[in-house]
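Read off the chains here:
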Amino acid sequence: MSYQDDRKEYRAGILDDSMMTCDPMELFSSWLAAYRDTGAEDATAFALSTVSAQLEPDARIVLLKGLTEGKMLFYTHYTSKKGKDLAAHPVAHALFFWPSMERQMRVFGSVSKVTPEESSTYFHSRPVMSRRGAIASDQSKMIESRAALDVQLQTIEKTEDANLQRPTTWGGYVLEISKIEFWQGRPSRMHDRLVFTLTSGEWTVQRLQP
Ligand SMILES: Cc1cc2nc3c(=O)[nH]c(=O)nc-3n(C[C@H](O)[C@H](O)[C@H](O)COP(=O)(O)O)c2cc1C
């Protein structure tokens, strides 16, 4: 199969020069809210890229669980592959692609763990099956079969809901944003790109060629 003739013109919006004076965190919120309002599934999903101790890049989808004061919150297993990468290099890239709006957003920043109390509060707000799943899975570790994984869940199912504790190896991270690029598709591949960089607490902005 050939994909070489798959192409489209991008006409859904613009990022004109007046946007260069906007607050990039407000623009992030408004773009995310606009995409979520389209009814898109997993609207808060983004590709989280990390770098291993051996300097190998890796990426996977996670869900955004909060956005406040320039910090993106997400939850995972600290002992997972991504957790190990973040322990080695506490920086990450977050990539959002919102095709129906012809938008891409690229975020860079440093990553740190949230407090155990914050992780526990969120853990206990999750549906019970999500809590059980988090306890039953040792994320990113090899397991010999699906049946063995199901046994791990069945073992946890014997615990009363009220006794389900957050594993200390599961919790939240915040990505503190220091750079963010907004991309809006335009006709003839003359796309709009605005890059905001945080330096000494102040945002500076540049327009990049597409
Ligand atoms: C739509 C979607 C949402 C996901 N959300 C999360 C999430 O919030 N946290 C998480 O740990 N994994 C999430 N995953 C699974 C990850 O993509 C990944 O498989 C897992 O975290 C293990 O990655 P790692 O081995 O690189 O650490 C999600 C996957 C998809 C497709």
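Residues numbered from 1 in each chain as written. Predicted model: local features only at pLDDT ≥ 70, side-chain atom pairs only at ≥ 80, totals over all residues.

Of note, the phi angle at L55 is positive, near 65 degrees, even though the residue is not glycine. Note that L55 resides in the loop between β1 (45-51) and β2 (57-63). Residue E102 is not a glycine yet carries a positive backbone phi of 55 degrees. With respect to the helices, strands and loops of the structure, E102 is situated in the loop between β5 (91-98) and β6 (103-113). (Helix = DSSP H or I, 4+ residues; strand = E, 2+ residues; numbered from the N terminus.)

At 3.6 residues per turn, the α-helix brings residues three or four places apart onto the same side. Taking 1.5 Å as the rise per residue, helix α1 (residues 24-37) with 14 residues should run 20 Å; its terminal C-alpha atoms sit 20 Å apart, in good agreement. Within the span of α1, buried status applies to P24, F28 and Y35. One side of α1 carries all its buried residues, which in axial view fall inside an arc of 50 degrees. Within α1, the exposed residues directed more than 90 degrees away from the buried face are E26, S30, A33 and D37. Tucked into the core, α1 has its buried residues touching β3 (66-68), β5, β6, β7 (170-184), β8 (192-199) and β9 (202-207). A positive phi of about 85 degrees marks G39, the residue just after α1. (Expected span 1.5 Å × (residues − 1). Buried ≥ 20, exposed ≤ 12 C-beta atoms within 10 Å, placed from the backbone. Arc of directions from axis to C-beta. Contact = placed C-beta atoms within 7 Å.)

Before going further, it helps to spend a moment on the environment of E181. Along the chain, E181 falls in strand β7. Considering only alpha carbons, one finds E181 and M105, 76 residues apart in sequence, at a separation of 5.6 Å. In contact with E181, not counting residues within four places along its chain, are M105, R106, R193, L194 and V195.

In this section: the site of the ligand. In the vicinity of the ligand there are 15 residues, among which T76, S80, K81, K82 and S140 approach most closely. Put simply, the parts of the chain that give the shell around the ligand at least two residues each are β2, β4 (71-77) and α2 (81-88). Per element, the largest residue contribution to the shell around the ligand is 5 residues, and it comes from β2. Of the residues assigned to the shell around the ligand, the class counts are 6 nonpolar, 4 polar and 5 charged. (Near = placed C-beta within 6 Å. Nonpolar A, V, L, I, M, F, W, Y, C, P; charged D, E, K, R; others polar.)

Where helix α4 (residues 128-136) meets helix α5 (residues 146-157), the axes come as close as 9 Å, and the angle between the chain directions of the two elements is 120 degrees. Viewed along their axes, α4 and α5 adopt a mutual orientation that is oblique. The interaxial crossing formed by α4 with α5 has right-handed handedness. Here α4 contributes R132, G133, I135 and A136 to the contact with α5, which in turn contributes Q152, L153, I156 and E157. Here the residues of the contact of α4 with α5 sort into 4 nonpolar, 2 polar and 2 charged. (Axes fitted to C-alpha atoms, helices over the stretch in contact; angles between N-to-C directions. Parallel < 35°, antiparallel > 145°, perpendicular 65-115°, else oblique. Left-handed = near helix turned anticlockwise from the far one by under 90°.)

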